[in-house]
Amino acid sequence: MITMYHNPRCSKSREGLQFLELEGKPFTVVKYLDTPLSSDEIKSLIDKLGIKPIELVRKKEEIWKDKYEGRKLTNAIIINAMAKYPQLIERPVVVNGDKAVIARPASRIRELLDI
């Protein structure tokens, strides 16, 4: 099953949602700002993405700049920051099985559709 971690206020996230709708495959939408992810769920996403935790962070967010930027941070601190402040999570993230992509651009979702 395909799952999209979605922020309706984000144009890139809306583009990803539209892409999935046009593909016609069943999928689930998780509005992660309304239902924040746990640290373990974020770790699982990072594993599926095959990236380092810092690569999932939206570094232009004010919370990041105010509380974390320029500090020496462990992966655990970065993951916990995203759990505490879900707006720090890059979007949209689309998951299919054990693979995931940050769907920027939305066409990256295609990488997951034939799994």
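In this report, the structure presented in the accompanying data block is examined.

Regarding the overall build of the chain
Here is step 1 of the chain: The helix and strand tally for the chain stands at five helices and four strands.
Here is step 2 of the chain: Secondary structure elements of the chain occur, N-terminal to C-terminal, as β-α-β-α-α-α-β-β-α.
Here is step 3 of the chain: Against the globule reference of 13 Å for 115 residues, the chain gives a C-alpha radius of gyration of 14 Å, in line with a compact fold.
Here is step 4 of the chain: Judged by the C-alpha coordinates and their principal axes, the chain covers about 45 × 25 × 25 Å.
Here is step 5 of the chain: Within the chain, the fraction of its 115 residues that count as buried is 43%.
Here is step 6 of the chain: Relative to all contacts within the chain whose residues are 6 or more apart in sequence, the contacts with residues 24 or more apart total 61%.

Comments concerning the packing of aromatic side chains
Here is step 1 of the chain: Per the stated rule, a full pass over the model turns up two aromatic pairs.
Here is step 2 of the chain: Judged by centre distance (5.3 Å) and plane angle (25°), the ring pair of Trp64 and Tyr68 falls under stacked.
Here is step 3 of the chain: On the accessibility criterion, Tyr68 (12% relative accessible area) is buried.
Here is step 4 of the chain: Relative to Tyr85, the ring of Tyr68 has its centre 6.5 Å away and its plane inclined at 70°; by these criteria the two rings are edge-to-face. A residue pair is termed long-range when its members are at least 10 positions apart, and Tyr68 in the loop between helix H3 (62-67) and helix H4 (75-84) and Tyr85 in the loop between H4 and strand S3 (93-96) qualify at 17 residues.
Here is step 5 of the chain: What links up through ring pairs into an aromatic cluster is the set Trp64, Tyr68 and Tyr85.

Things to note about the sheet that holds strand S4 (residues 99-102)
Here is step 1 of the chain: Pairing within the open sheet is mixed, and its four strands lie in the order S2-S1-S3-S4. A strand with exactly one partner marks an edge of an open sheet, and here the two such strands are strand S2 (27-31) and S4. With direction set aside, neighbouring strand axes in the sheet form an average angle of 20°.
Here is step 2 of the chain: Where strand S1 (residues 2-6) meets S3, four bridges bridge the pair, whose relative direction is antiparallel. If you follow Thr3 over to S3, its bridge partner there is Val95.
Here is step 3 of the chain: Relative to the sheet, helix H1 (residues 11-23) contacts S1, S2 and S3, its axis offset from that of S1 by approximately 160°.
Here is step 4 of the chain: Strand contacts of helix H2 (residues 39-49): S1, S3 and S4, with the helix running at about 90° to S4, the strand carrying the most contacts.

Some words on H1
Here is step 1 of the chain: The end-to-end C-alpha separation of H1 is 18 Å, in line with the 18 Å expected for 13 residues at 1.5 Å each.
Here is step 2 of the chain: Residues of H1 that are buried make contact with S1, S2, S3 and helix H5 (110-113).
Here is step 3 of the chain: Gly24 lies just past H1 and shows a positive phi near 75°.

Considerations on the pattern of salt bridges
Here is step 1 of the chain: If you walk through the whole model with that rule in mind, you get five salt bridges.
Here is step 2 of the chain: Linking Asp40 and Lys43 is a salt bridge whose minimum nitrogen-to-oxygen distance equals 3.7 Å. Here Asp40 pairs with Lys43, and both are found in helix H2, just three residues apart, close to one helical turn.
Here is step 3 of the chain: A residue is classified by how much of its surface remains accessible, and Lys43, at 41% relative accessible area, is partly exposed.
Here is step 4 of the chain: Overlapping salt bridges, with partners in common, bring together Arg58, Glu61, Glu90 and Arg104 in one network.

So, how was this worked out
Residues numbered from 1 in each chain as written. Predicted model: local features only at pLDDT ≥ 70, side-chain atom pairs only at ≥ 80, totals over all residues. Heavy atoms only, no water. Helix = DSSP H or I, 4+ residues; strand = E, 2+ residues; numbered from the N terminus. Rg over C-alpha atoms; globule rule 2.2 N^0.38 Å. Buried < 20%, exposed > 50% of the residue type's maximum accessible area, 1.4 Å probe, protein only. Contact = heavy atoms within 4.5 Å. Phe/Tyr/Trp six-rings, centres within 6.5 Å; stacked < 30°, edge-to-face > 60°. Pairing = 2+ DSSP bridges. Axes fitted to C-alpha atoms, helices over the stretch in contact; angles between N-to-C directions. Expected span 1.5 Å × (residues − 1). Salt bridge = Lys/Arg side-chain N within 4 Å of Asp/Glu carboxyl O.

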